[in-house]
Amino acid sequence: MTTTTTRQPARTTPPPKARVTTRRRTLRQRWRIALRRHWQLYLLTVLPLAYFAIFKYVPISNAIIAFKDYSPVLGVWGSPWNDFANFQAMLQNPQFPTLVSNTLILSGYAVLASFPIPIILALALNEVRHRWFQKTVQMVTYAPYFISTVVVVSMLILIMAPRLGVISQVFGFFGVPSPDLLGNPDYFRNIYVWSDVWQTAGYSAVIYMAALSGIDPSLYEAARMDGASRLRKIWHVDIPGIMPTAMIVLILSVGNIMAIGFEKVYLLQNPLNLGQSEIIATYVYKLGILNADFGTATAVGLFNSVVNLVLLLVVNWVARRVSGSGLW
């Protein structure tokens, strides 16, 4: 008796090119389905994407001015190349180390001062039981964010003017000579940083208040059943709950450490405090716009952007290793 066995056809795996083609076809189908279902949401992203493409990414191509002897008559692409001459002029400038140190010190001081205060403010407001008091304090601390930089600097000048300012009047009332707060370079960093903290602390606290509202209420119930005090609940529930948000804010702040605000520094700047108020942003403005040295100014700006990118990558890597959360 003989038995016949039917041979199953051997399974053949498609070639790599066929797998890639199939995967691409599948992705296209998914994109079409998602676009058909959520076209309103995709439509909302058109204007923001166009803004970033036109005003952020397209101008990057003009960074080649840093490697050219730029002439407005010849244009960006018609100007002759000069290799790294602009970067050599930047590094050989005896003022450049002072610019870098002033920028790093001022921005580092601003990050160290402005990072913990909104967290403390948000934690304190979260513990307030009277809603009217919480809303009032939140509104009072949030309102300065809407004041323009020019108005804030005008207020600082009116308060700290050497002869007619409020502080000078108070010192004169007690017969004490008033210090020149705006002319002394030693006071410039403190004026800049703490006025910035006053202006932005309430706005930054809103971000942490939103993070606190997303914490699971069962964690507070468990802490209350365990007999935890308010400080213990803040330490073991609130702070771990807002830690991912705090890490993202810190990474973004350090990533922009070299791109400190130009407007406020330039408006508070005067010939007397120039030793500590001259930073890379104001130097690029004076060099490129006032002196028309576009090549060197672009080289300095490109150097500034590269340093910001390196700091962003390093801080994100450290945050991922330490806390497990980061931008990516």
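Here we summarise the structure given alongside this text. Everything numeric here is computed off the predicted structure, so don't read it as measured data.

Let's shift gears to a nonpolar patch on the surface. Taken together, Val151, Met155, Ile159, Val166, Val170, Phe173, Phe174, Val176 and Trp198 make up a surface patch of nonpolar side chains, about 870 Å² in accessible area. Broken down by secondary-structure element, the contributors of at least two residues to the nonpolar patch are α8 (149–160) and α9 (166–173). Examined against the element boundaries, Met155 turns out to sit in helix α8.

The next point concerns the packing of aromatic side chains. A complete count under the given rule lists 19 aromatic pairs for this structure. Seen in terms of ring centroids, Trp31 and Tyr42 are 6.3 Å apart; in terms of plane orientation they differ by 55°. Their pairing is tilted. Taken together, the residues Trp31 in helix α1 (residues 16–37) and Tyr42 in helix α2 (residues 39–44) connect sequence positions 11 residues apart. Owing to a relative accessible area of 55%, Trp31 belongs among the exposed residues under this scheme. Here Phe67 and Phe87 contribute two aromatic rings whose centre-to-centre distance is 5.3 Å and whose plane-to-plane angle is 45°, an arrangement assigned as tilted. Of this pair, Phe67 sits in the loop between α3 (46–57) and α4 (85–92) while Phe87 sits in helix α4, and the two are 20 residues apart along the sequence. Aromatic rings pair up to connect Tyr142, Tyr145, Phe146 and Tyr203 into one cluster. Between Lys68 and the ring centre of Trp81, over which it is positioned, the NZ or CZ distance is 4.6 Å. The lysine or arginine in question, Lys264, covers the ring of Tyr192, its NZ or CZ lying 5.2 Å from the ring centre.

Let's shift gears to the environment of Val100. Within the fold, Val100 resides in helix α5 (residues 96–114). In this structure Val100 comes out as buried when scored by relative accessible area, which is 18%. Here the alpha-carbon distance between Val100 and Ile279, two residues 179 residues apart in the chain, equals 6.9 Å. Contact partners of Val100, with chain neighbours within four places excluded, come to Ile280 and Phe303.

Thresholds applied
- Residues numbered from 1 in each chain as written.
- Predicted model: local features only at pLDDT ≥ 70, side-chain atom pairs only at ≥ 80, totals over all residues.
- Heavy atoms only, no water.
- Patch = residues over 30% accessible without salt bridge, like charges linked within 9 Å, V, L, I, M, F, W, Y side chains within 5 Å.
- Areas by Shrake-Rupley, 256 points an atom, 1.4 Å probe, with all protein chains shown as cover.
- Salt bridge = Lys/Arg side-chain N within 4 Å of Asp/Glu carboxyl O.
- Helix = DSSP H or I, 4+ residues; strand = E, 2+ residues; numbered from the N terminus.
- Phe/Tyr/Trp six-rings, centres within 6.5 Å; stacked < 30°, edge-to-face > 60°.
- Buried < 20%, exposed > 50% of the residue type's maximum accessible area, 1.4 Å probe, protein only.
- Lys NZ or Arg CZ within 6 Å of the ring centre and 35° of its normal.
- Contact = heavy atoms within 4.5 Å.

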